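# Examining the three-dimensional arrangement
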Amino acid sequence: MKVIEIKQQVYQQNDRIASELRAEMKQRGTLLINLMSSPGAGKTTTLVRTLEALRGEMRIGIIEADIDSDVDALTVARAGAQAVQLHTGGMCHLDAFMTREGLKALNPAGLDLIFLENIGNLLCPAEVDTGAARNVMILSVPEGDDKPLKYPQIFRVVDLVLVNKIDALPFFDFDLTVFRQRVSALNPSAQILPYSARTGEGLGAWTDWIRAAAAQWKRA
Amino acid sequence: MHELGILFNVVRTVEDIARQNQVTRIAALVLQVGELSPVVPHYLQACYPAAVDGTLLEGAELKIEVTPGNALCEPCQKVFNLRASRGKCPRCGRSQYEILSGQEFLIKEILAC
């Protein structure tokens, strides 16, 4: 019997592909944003509002991932994005292999911005590098301000936390101050932007964040 | 499902390495799983036969070594187990810490026949 030592991270191959994708997107000047949240937090509605706000200003592509359906891709395509739907066939998160497939299908030439809409789940999407330049999550008010305590990992890896459905704040025990403290204990550099995709309140700060991130990605 | 997808990653890597080493039969695969990593050893074992079916690893035994999730308390410098102490330093009660171990998820080695 011969022992062959491997000592390799399980995700080493994935991480290598993720780095290659990032380098390729950098060269193209295309900002790839990985968007994560629970099911029902408002990823697709937020994307539709974002497309409306940036229409005529940025060329935007969207890679939708779902276990099985293309409802979301149809919705965002109607809103004017170039969209592809990935079926993950039961996988609960996206990895760099799937991002690569999505980018191939989308044809990123000439796009300023691509959203990778991850599968609705706060657990494993946080663990796997998709190759995106920025990681953004949406947490909605009805989910509760205790989520950083329950799902710490995702809050550690994101650049931005969007707090959606603030129009519902009067009906829920969601304390924004407490929430900010909990997020910053896990990730002091994460930005937090409260907004409502339904009323449009606070959306301007989010589109400004996108503009700044896209400009920085093209420049640096 | 989560563990199954992860095992596909493992199979891809192990098959590459086995080929590079001219290994044609594998008796065992040893994985190192940290207590704080997002995989559950029990589910890895459960998915394993399906993940290796028809691959070089078919018939190879899966061995899992679990490494402890330890942290260093920043205010008082005590080393403690995060799971056992539920994320709080048992000496000073605070939750400012640096993780020392337990996040790893490694393919440690294979035993070739």
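Up top is the structure these notes are about.
Reading guide: rules and limits
Residues numbered from 1 in each chain as written. Chains lettered and ligands numbered in written order. Predicted model: local features only at pLDDT ≥ 70, side-chain atom pairs only at ≥ 80, totals over all residues. Heavy atoms only, no water. Core = buried A, V, L, I, M, F, W, Y, C linked by side-chain atoms within 4.5 Å. Buried < 20%, exposed > 50% of the residue type's maximum accessible area, 1.4 Å probe, protein only. Helix = DSSP H or I, 4+ residues; strand = E, 2+ residues; numbered from the N terminus. Contact = heavy atoms within 4.5 Å. Phe/Tyr/Trp six-rings, centres within 6.5 Å; stacked < 30°, edge-to-face > 60°. Lys NZ or Arg CZ within 6 Å of the ring centre and 35° of its normal. Axes fitted to C-alpha atoms, helices over the stretch in contact; angles between N-to-C directions. Parallel < 35°, antiparallel > 145°, perpendicular 65-115°, else oblique. Nonpolar A, V, L, I, M, F, W, Y, C, P; charged D, E, K, R; others polar. Expected span 1.5 Å × (residues − 1). Arc of directions from axis to C-beta. Pairing = 2+ DSSP bridges. Buried area = accessible area lost by both parts, 1.4 Å probe. Salt bridge = Lys/Arg side-chain N within 4 Å of Asp/Glu carboxyl O. Polar contact = N/O pair within 3.5 Å; in protein donor to acceptor, adjacent residues only side chain to side chain. 1 Å grid on protein atoms, 1.4 Å probe; cavity = no way out; pocket = protein on both sides within 12 Å on 5 of 7 lines; lining within 4 Å. Points joined across faces, edges and corners; volume = space filled by probe spheres on them.

### Here we look at the nonpolar core
Counting residues in each nonpolar core, the largest one holds 52 residues, and the members touching the most others are A:Leu113, A:Phe115, A:Trp206 and A:Trp209. Ranked by residues supplied to this core, first place goes to helix H8 (residues 203-219) of chain A with seven residues. Discounting residues that sit within four places of it in the chain, A:Trp209 has contacts with A:Ile33, A:Arg134, A:Val136, A:Asp159, A:Leu160, A:Gln191 and A:Leu193. In terms of nonpolar packing, the next biggest core, distinct from the first, is built from 30 residues, B:Ile6, B:Val10, B:Val39 and B:Phe105 among them.

### Re the packing of aromatic side chains
For the structure on display, the rule yields five aromatic pairs over all chains. The interplanar angle of 45° and the centroid separation of 5.3 Å between the aromatic rings of A:Phe174 and A:Phe179 together place this pair among those described as tilted. With a relative accessible area of 7%, A:Phe174 lands in the buried category. For A:Phe179, a relative accessible area of 0% translates into the label buried. The ring centre of A:Trp217 lies 4.3 Å from the NZ or CZ of A:Lys26, which sits over that ring. Its end group placed over the ring of A:Phe97, B:Arg12 keeps NZ or CZ at 3.8 Å from the ring centre.

### Here's the deal with the packing of helix H2 (residues 43-53) of chain A against H8(A)
Residue and element names in this part refer to chain A. Relative to each other, H2 and H8 sit at 70°, their axes nearing to 11 Å. In terms of orientation, H2 and H8 fall into the roughly perpendicular class. Residues Thr46, Arg49, Thr50 and Ala53 of H2 form the contact with H8, whose participating residues are Leu203, Trp206, Thr207, Ile210 and Arg211. For the contact of H2 with H8, the per-class residue count stands at four nonpolar, three polar and two charged.

### Focus on helix H1 (residues 12-28) of chain A
Between its first and last C-alpha, H1(A) extends 25 Å over 17 residues, near the 24 Å set by a 1.5 Å rise per residue. Taken together, the buried positions of H1(A) are A:Gln13, A:Asn14, A:Ile17, A:Ala18, A:Leu21 and A:Met25. Projected down its long axis, H1(A) shows its buried positions confined to an angular sector of 135°, all on one face. Those residues of H1(A) hidden inside the fold are in contact with helix H4 (96-106), strand E5 (113-117) and H8 of chain A together with helix H1 (2-20) of chain B. At the exit of H1(A) stands A:Gly29, carrying a positive phi of roughly 75°.

### Details of the sheet that holds strand E3 (residues 70-73) of chain B
Residues and elements named next belong to chain B. Taken together, the three strands give an open sheet; going across it, the order is E4-E3-E5, and neighbouring strands pair in antiparallel fashion. Strand pairing shows two members of the sheet lacking a second neighbour, strand E4 (79-81) and strand E5 (97-99), which therefore form its edges. The mean angle between the axes of side-by-side strands here comes to 35°, regardless of whether they run parallel or antiparallel. Here E3 runs beside E4; their pairing, made up of three bridges, is antiparallel. The residue bridging alanine 71 from the neighbouring strand is phenylalanine 80, located in E4.

### Brief notes about the interface of chain A and chain B
Counting residues at the interface gives 21 residues for chain A, matched by 24 residues for chain B. Summed over both sides, the interface of chain A with chain B buries roughly 2200 Å², with 62% coming from carbon and sulfur. Ranking the residues of chain A by area buried against chain B places A:Ile4, A:Ile6 and A:Val10 at the top, with a combined share of 29%. The tally of links between chain A and chain B comes to zero salt bridges. Inspection of the chain A/chain B interface yields eight residue pairs in polar contact (both at pLDDT 80 or more). At eight residues, the largest contribution of residues to the side of chain A that touches chain B is made by strand E1 (residues 2-9) of chain A. Per-class residue counts for the side of chain A that touches chain B are ten nonpolar, five polar and six charged. Inspection of the sheet shows E1(A) paired to strand E6 (residues 105-112) of chain B by six bridges, in the antiparallel sense. Residue pairing in the sheet places A:Lys2 in a bridge with B:Ala112 of E6(B).

### Focus on the layout of surface pockets
Left-over empty space is what a probe sized like a water molecule reveals as it rolls over the atoms. Taken as a whole, the largest pocket holds about 1600 Å³ of empty space. Considering the residues around the largest pocket, the lining is formed by 50 residues, among which A:Pro152, A:Gln153, A:Arg156, B:Leu36 and B:Ile99 are closest to the centre. Those elements giving two or more residues to the lining of the largest pocket turn out to be strand E2 (31-37), helix H5 (147-150), helix H6 (152-157) and helix H7 (176-186) of chain A together with H1 and E5 of chain B. If you add up the space inside the second largest pocket, you get close to 170 Å³. Contributing to the lining of the second largest pocket are 15 residues, with A:Pro39, A:Lys43, A:Asp66, A:Asp72 and A:Glu117 lying nearest its centre. Every element with two or more residues in the lining of the second largest pocket is listed here: H2 and strand E3 (60-66) of chain A. Grouping the amino acids of the lining of the second largest pocket by side-chain chemistry returns five nonpolar, five polar and five charged.

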